[in-house]
Protein chains: 2
Amino acid sequence: MISQAKAKLIHSLQNKKIRTRHGLFLVEGTKNVLEVLNSEYVVMEIVATEKFAERYLQDVNVPIWICDAERLQDLGTLEVNDSAIAMVRMVEKPIPPTEELRKNWVLALEQVRDPGNLGTIIRIADWYGIDTILCNEGTAELYNPKVIQASMGSFTRVGLYYCDLASVLPTLRMDTYGATMDGISLHQMEWPVVPGVLVMGNESHGLSPEVLAVLDHRVTIPRFGRAESLNVGVATAVCCDAIRRTTSLSK
Amino acid sequence: MISQAKAKLIHSLQNKKIRTRHGLFLVEGTKNVLEVLNSEYVVMEIVATEKFAERYLQDVNVPIWICDAERLQDLGTLEVNDSAIAMVRMVEKPIPPTEELRKNWVLALEQVRDPGNLGTIIRIADWYGIDTILCNEGTAELYNPKVIQASMGSFTRVGLYYCDLASVLPTLRMDTYGATMDGISLHQMEWPVVPGVLVMGNESHGLSPEVLAVLDHRVTIPRFGRAESLNVGVATAVCCDAIRRTTSLSK
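Residues numbered from 1 in each chain as written. Chains lettered and ligands numbered in written order. Predicted model: local features only at pLDDT ≥ 70, side-chain atom pairs only at ≥ 80, totals over all residues. Heavy atoms only, no water.

Student: What should I look at first to understand the interface of chain A and chain B in this one?
Tutor: Interfaces are often described in size by the accessible area the parts lose on coming together. Across the boundary between the two partners, chain A contributes 32 residues, which contact 32 residues of chain B. Summed over both sides, the interface between chain A and chain B buries roughly 3200 Å², with carbon and sulfur atoms accounting for 62% of that surface. Three residues, A:Trp127, A:Phe224 and A:Arg245, lead the burial of chain A against chain B; their summed loss comes to 27% of the area buried on that side. Measuring nitrogen to oxygen at the nearest pair gives 3.2 Å for the salt bridge that ties B:Glu228 to A:Lys31. Listed by contribution, the elements that provide at least two residues to the side of chain A that touches chain B are α7 (115-127) and α11 (232-247) of chain A. Per-element tally for the side of chain A that touches chain B: the top contributor is α11(A), with 7 residues. Taken together, the residues of the side of chain A that touches chain B sort by class into 13 nonpolar, 8 polar and 11 charged. (Contact = heavy atoms within 4.5 Å. Buried area = accessible area lost by both parts, 1.4 Å probe. Salt bridge = Lys/Arg side-chain N within 4 Å of Asp/Glu carboxyl O. Helix = DSSP H or I, 4+ residues; strand = E, 2+ residues; numbered from the N terminus. Nonpolar A, V, L, I, M, F, W, Y, C, P; charged D, E, K, R; others polar.)

Take a look at the structure:
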């Protein structure tokens, strides 16, 4: 049975300050827990239903606590969780060296504040084979449970690094393409043969003047109807698809 | 001041049964309320903060009740609402005649259950100039406050009709393109000059055998990385963009 102290710790990891202090974060639900077990992340402990433990955790070499679904839902953030919660060690990695980054497209995010949007974008990057996301400090925190949840396991495969975009982007010596409302049509854009950086801005305000100033190109998703904007996750996917459409063969 | 009975009615409209009984639904927040006032929908009453009423409702000819933001948040579903809530009359329109539908691309949704996803898809349809969405009964309800919220006002411009897709699609005499995991690459697909129907399936299970059986074409978004899937809203946007990329000139 899980102790009161342990239960309290798990529950408190919903809070960023506590996460940072312990260097631990929560991974919840079947898909995410299985993905994290299958990744380079170090899983410290798992709370799971008996059914989940029997089916998936037989050969897993970490402490496992059994409880029912109701208790899991109390401990974590999911409305429905009949599988498991893992406590996982945070990793702090430096940004990969420039010569590494230049081998593939990079995604840069400025102030994407909504955790659901960030998680969705991590999943999109993973789908489109982009393994590095640079984001500035105003972006949602990677280890927020809502980010982890929305990433559907993709957080284990995509490296996310916080930095000052306006000063870091120029040092990469890669062509930068920012999504704005006044750029070249995405459908007309000629993407380069060598990889570049796709830069997406804040949900309401787009890119800041500081980041706009270091862009090489501005690109705009053409509109055919009357909606004022697209959600930033949706816009990221449409841009990534356009990039892979024309650059995938030269990848 | 707003009466107890009125407050109770507004609050109860979060419930589908009550919405259906009264034929009323809630529209919340600045953007959505302004859009609905500017649309063909009939707004019955508005609850608003004094600031919002002074700024936007001077010439609006419907009963207005003033209250503070805290009260608005109690009455409605938004965590933060310092603007307004409108009570709006539901509209039941029959599916437009086939010769009307055939003039533009149509979007069809099978069992898109998450209200946030449905709202996002309505906004995407509006962006890409698609004004008709057909969906089967298992799809989320248009008048769910989360659908209205996520549509960002686009629900006023896109017609959504519930029907049995498997029996209605063949009667349209339009080419149908279903998003599946085993179709032709979206990047290779040759879209027709005349408009067709894009068919998207359920978040977890995709399209049913019944709908698959009436499709003319299957199309797949190519994957370049390792994520298992894309969110259905994201996938809809990527497909719509591909369609408009090649068919916009002949529109």
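Next comes the rest of the write-up.
Student: Whenever I open this one, the sheet that holds strand β9 (residues 197-200) of chain A confuses me. Can you help?
Tutor: Hydrogen bonds along the backbone pair up the strands of a sheet, which may run parallel or antiparallel. Residue and element names in this part refer to chain A. Reading across from one edge, β7-β6-β5-β9-β8-β10 is the order of the 6 strands in this open sheet, with parallel pairing throughout. Strands with a single pairing partner mark the edges of an open sheet, and in this sheet they are β7 (159-162) and β10 (217-220). Each strand axis lies, on average, 35 degrees off the axis of its neighbour in the sheet, ignoring direction. With 4 bridges joining them, strand β5 (residues 106-109) and β9 adopt parallel strand pairing. Bridge assignment links Leu 107 to a residue of β9, and that residue is Leu 198. (Pairing = 2+ DSSP bridges. Axes fitted to C-alpha atoms, helices over the stretch in contact; angles between N-to-C directions.)

Student: Whenever I open this one, α7(A) confuses me. Can you help?
Tutor: Every α-helix carries 3.6 residues per turn, so stepping three or four residues along brings you back to the same face. All names here are of chain A. In a regular helix each residue adds 1.5 Å, so 13 residues correspond to 18 Å; α7 covers 19 Å between its end C-alpha atoms and thus fits that length. Within α7, 12 of the 13 residues are buried, which leaves it mostly tucked inside the rest of the structure. Along α7, the residues that are buried comprise Pro 115, Asn 117, Leu 118, Gly 119, Thr 120, Ile 121, Ile 122, Arg 123, Ile 124, Ala 125, Asp 126 and Trp 127. With a side-chain oxygen positioned 3.0 Å from the backbone nitrogen of Gly 116, the residue opening α7 is Asp 114. Count one or two residues on from α7 and you reach Gly 129, which has phi positive near 70 degrees. (Expected span 1.5 Å × (residues − 1). Buried < 20%, exposed > 50% of the residue type's maximum accessible area, 1.4 Å probe, protein only. Polar contact = N/O pair within 3.5 Å; in protein donor to acceptor, adjacent residues only side chain to side chain.)

Student: Would you explain the packing of aromatic side chains in this entry?
Tutor: For any two aromatic rings, the description comes down to two numbers: the centre-to-centre distance and the angle of the planes. Residue and element names in this part refer to chain B. Within the structure shown, the criterion is met by 18 aromatic pairs over all chains. Centroid distance Phe 25 to Phe 155: 6.1 Å. Interplanar angle 85 degrees. Geometry classified as edge-to-face. With Phe 25 in strand β1 (residues 24-28) and Phe 155 in the loop between α8 (145-151) and β7 (159-162), the pair connects residues that are 130 residues apart, well separated along the chain. Overall, Phe 25 belongs to the buried group, its relative accessible area being 0%. Assessed through its relative accessible area of 1%, Phe 155 is described here as buried. When the centroid spacing of 5.7 Å and the interplanar angle of 80 degrees are considered together, the rings of Trp 105 and Trp 191 count as edge-to-face. Of this pair, Trp 105 sits in the loop between α6 (98-101) and β5 (106-109) while Trp 191 sits in the loop between β8 (176-185) and β9 (197-200), and the two are 86 residues apart along the sequence. The pair formed by Trp 105 and Trp 191 is uniform in burial state, with each residue classed as buried. (Phe/Tyr/Trp six-rings, centres within 6.5 Å; stacked < 30°, edge-to-face > 60°.)

Student: Sorry, what's going on with the relation of the copies chain A and chain B here?
Tutor: Note on the copies: chain A fits chain B at an RMSD of 0.0 Å, the axial shift is 0.0 Å, and the rotation between them is 180 degrees. Overall, the copies show the geometry of a two-fold rotation axis. (Least-squares fit on C-alpha atoms with pLDDT ≥ 70 in both.)

Student: Could you clarify how one ought to interpret the sheet that holds β5(B) in this entry?
Tutor: Residue and element names in this part refer to chain B. With parallel pairing, the 6 strands of this open sheet are ordered in space as β7-β6-β5-β9-β8-β10. Either end of the sheet is taken by a strand with one partner, and the two such strands are β7 and β10 (217-220). When strand polarity is set aside, the average angle formed by the axes of neighbouring strands in this sheet is 35 degrees. Relative to β7, strand β6 (residues 132-135) is paired through 4 bridges, and the arrangement is parallel. Directly across from Cys 135, in β7, lies its bridge partner Tyr 162. Of the strands in this sheet, β5, β6 and β7 touch helix α7 (residues 115-127), which is tilted by about 170 degrees from β5.

Student: Looking at this model, I keep getting lost on the confidence of the model for chain A. Mind explaining?
Tutor: Reading predicted coordinates in detail is not appropriate for stretches of low pLDDT. Of all residues in chain A, 98% attain a pLDDT of 70 or more, and the chain-wide mean is 94. For this predicted complex, the interface score ipTM comes out at 0.93, alongside a pTM of 0.94. (pLDDT = per-residue confidence, 0-100.)

Student: In this structure, what is going on with the environment of A:Thr180? I would like to understand it.
Tutor: All names here are of chain A. Relative to the helices and strands, Thr 180 is located in strand β8 (residues 176-185). C-alpha separation for the pair Thr 180 and Gly 201, spaced 21 residues apart in sequence, amounts to 8.2 Å. Setting aside its immediate chain neighbours within four residues, Thr 180 contacts Leu 207, Leu 212, Arg 218, Val 219 and Thr 220. A polar side-chain atom of Thr 180 sits 3.5 Å from the main-chain amide nitrogen of Gly 183.

Student: Looking at this structure, how should I read the environment of B:Asn136?
Tutor: Residues and elements named next belong to chain B. Secondary-structure assignment places Asn 136 in the loop between β6 and α8. Along the chain, Asn 136 and Gln 111 lie 25 residues apart, while their C-alpha atoms are 6.5 Å from each other. Not counting residues within four places of it along the chain, the set of residues in contact with Asn 136 comprises Leu 109, Glu 110, Gln 111, Tyr 162, Cys 163 and Leu 165. In this structure the side chain of Asn 136 is engaged in a polar contact, spanning 2.9 Å, whose partner is the backbone nitrogen of Gln 111.

Student: What am I meant to see in the pairing of strand β1 (residues 24-28) of chain A here?
Tutor: Remember that side chains alternate between the two faces of the sheet whenever the strand is regular. Residues and elements named next belong to chain A. The buried fraction of β1 amounts to 5 of the 5 residues, a majority that puts the element mostly inside the structure. Residues of β1 alternate between two faces, with Leu 24, Leu 26 and Glu 28 on one and Phe 25 and Val 27 on the opposite face, all of them buried. Where β1 meets strand β4 (residues 84-89), 5 bridges bridge the pair, whose relative direction is antiparallel. Residue pairing for β4: Glu 28 is matched across the bridge by Ile 85.

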